[in-house]
Amino acid sequence: KNEVEQSPQNLTAQEGEFITINCSYSVGISALHWLQQHPGGGIVSLFMLSSGKKKHGRLIATINIQEKHSSLHITASHPRDSAVYICAVRGNFGNEKLTFGTGTRLTIIP
Amino acid sequence: DAGVTQSPTHLIKTRGQQVTLRCSPKSGHDTVSWYQQALGQGPQFIFQYYEEEERQRGNFPDRFSGHQFPNYSSELNVNALLLGDSALYLCASSLMAGRVTGELFFGEGSRLTVL
């Protein structure tokens, strides 16, 4: 079993729909990152969370430390949101390497 | 403000050769991490450099080595290339505050093909 599991692996939705991507992890962490990767490879960091909730524009990220679970929400989805969304967790102090999920491929249809 | 820059963007090598990839961190950042991303997979942590020292290492053989320079830029060297080393190599920079690594900024990556 991977230390970081994402669901779904693939998601296709219509423009305007509310999107939720889930991430579960099995190790102790100091922070969780949500990343966006477009075709061609470049990765953009969307959020870094250690507790609670963060919002940036149409994107919202939440984390529940007790349940070892995080969600990324996209409101009013748009075709430009089409990308691979990756959850990555940072270990506790002294073991700060990032462990990545395999990603969720999101396609928004106009 | 320049972000993280990596070079080269693409390169092709043959088995047994050696390759050096370069990364310049975002201005003000002092920590560089390297990741390998095989096609269709999530990135895998290779190592992290801080204060010119390898701070932490993932599960990669000694053929993978690195260096950080006084200006915080970094190199990733891979010796005796194997076909399985074909991947996108990503560099990420951050600022170390105390013992805590801050938010990451990624470069566009160097795509290595080994024939």
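Rules used in this analysis
- As a convention, each chain's residues are numbered from 1 in the sequence order in which they are written.
- Chain letters and ligand numbers both follow the written order, the letters beginning at A and the numbers at 1.
- In view of the model being predicted, local features appear only for residues whose pLDDT reaches at least 70, and side-chain atom pairs are presented and counted only at 80 or more, with totals across whole chains, interfaces and linings using the full set of residues.
- Water and hydrogen atoms play no part in the side-chain values, which are based on all heavy atoms of the structure.
- Only DSSP runs of H or I covering at least 4 residues are called helices, and only runs of E covering at least 2 are called strands; the numbering of each starts at the N terminus.
- Relative accessible area decides the class of each residue, using a 1.4 Å probe on protein chains only: under 20% of the type maximum gives buried, over 50% gives exposed, and in between gives partly exposed.
- We call two residues contacting when some pair of their heavy atoms lies within 4.5 Å.
- In short, Shrake-Rupley with a 1.4 Å probe defines the accessible areas, and a residue's cover is counted only from the protein chains shown.
- This count recognises Lys and Arg as positive and Asp and Glu as negative, with His and chain-terminal groups excluded.
- Working definition for charges: the position is that of NZ of Lys, CZ of Arg, CG of Asp or CD of Glu.
- Put simply, a disulfide is two cysteine sulfurs that come within 2.5 Å.
- Buried area is calculated as the accessible area (1.4 Å probe) missing from two parts once they are joined, with the contributions of both summed.
- By the criterion applied in these results, polar contacts are pairs of N or O atoms within 3.5 Å in which, for protein atoms, one can donate a hydrogen and the other can accept it, and in which residues neighboring in sequence qualify only through two side-chain atoms.
- Centres within 6.5 Å are what make two rings of Phe, Tyr or Trp a pair, Trp counting through its six-membered ring; a difference in plane orientation under 30 degrees is then read as stacked, over 60 as edge-to-face, and the rest as tilted.
- The criterion for a charge sitting over a ring is simple: Lys NZ or Arg CZ within 6 Å of the ring centre, and within 35 degrees of the ring normal.
- By this definition, two strands are paired if DSSP reports at least two bridges between them.

## A few points about the overall build of chain B
- For chain B, the count of helices and strands is 0 helices and 13 strands.
- What you see in chain B, going N to C, is helices and strands ordered as β-β-β-β-β-β-β-β-β-β-β-β-β.
- Projected onto its principal axes, the C-alpha coordinates of chain B cover approximately 40 × 30 × 25 Å.
- Burial analysis of chain B (115 residues in total) assigns 50% to the buried set.
- Taking the intrachain contacts of chain B between residues at least 6 apart in sequence as the baseline, contacts between residues at least 24 apart amount to 53%.
- For chain B, the computed accessible surface area is about 5,600 Å², with 50% contributed by carbon and sulfur atoms.
- Computing the positive centroid from 9 side-chain charges and the negative centroid from 11, chain B places the two 8 Å apart.

## Digging into the state of the cysteines
Residue and element names in this part refer to chain A.
- The tally for this structure, following the rule as stated, stands at 2 disulfides over all chains.
- Disulfide pairing is shown between Cys23 and Cys87; the S-S distance is 2.0 Å. Handedness of the Cys23-Cys87 disulfide follows from its S-S torsion of about -60 degrees: it is left-handed. Pair noted here: Cys23 is in strand E3 (residues 19–25) and Cys87 is in strand E9 (residues 83–90), with a separation of 64 residues, a long-range link.
- For Cys23, a relative accessible area of 0% corresponds to the buried category.
- Judged by its relative accessible area of 0%, Cys87 falls in the buried class.

## Describing the interface of chain A and chain B
- At the interface, 20 residues of chain A touch 20 residues of chain B.
- Summed over both sides, the interface of chain A with chain B buries roughly 1,700 Å², with 55% coming from carbon and sulfur.
- For the pair chain A and chain B, the number of links is 2 residue pairs in polar contact (both at pLDDT 80 or more).

## Some thoughts on the packing of aromatic side chains
- Enumeration according to the criterion identifies 5 aromatic pairs over all chains in this entry.
- Each ring, one from Phe100(A) and one from Tyr35(B), has its centre 5.2 Å from the other, and the planes form 80 degrees; the classification is edge-to-face. With Phe100(A) in strand E10 (residues 98–100) and Tyr35(B) in strand E4 (residues 31–37), this residue pair bridges two chains. Like Phe100(A), the residue Tyr35(B) is buried in the burial classification.
- An aromatic cluster is present here, built from Phe100(A), Tyr35(B), Phe45(B) and Phe106(B) joined pairwise through their rings.
- Lying over the aromatic face of Phe105(B), Lys26(B) brings its terminal NZ or CZ to 4.9 Å of the ring centre.

## Some words on the pairing of strand E8 (residues 69–74) of chain A
Residues and elements named next belong to chain A.
- Here E8 lies mainly inside the structure; 5 of its 6 residues are buried.
- As paired strands, E3 and E8 are joined by 6 bridges and run antiparallel to one another. The residue of E8 that forms the bridge with Ile21 is Leu72.
- Bridge analysis of strand E7 (residues 59–64) against E8 gives 6 bridges, and the strand direction is antiparallel. Residue pairing for E8: Ile60 is matched across the bridge by His73.

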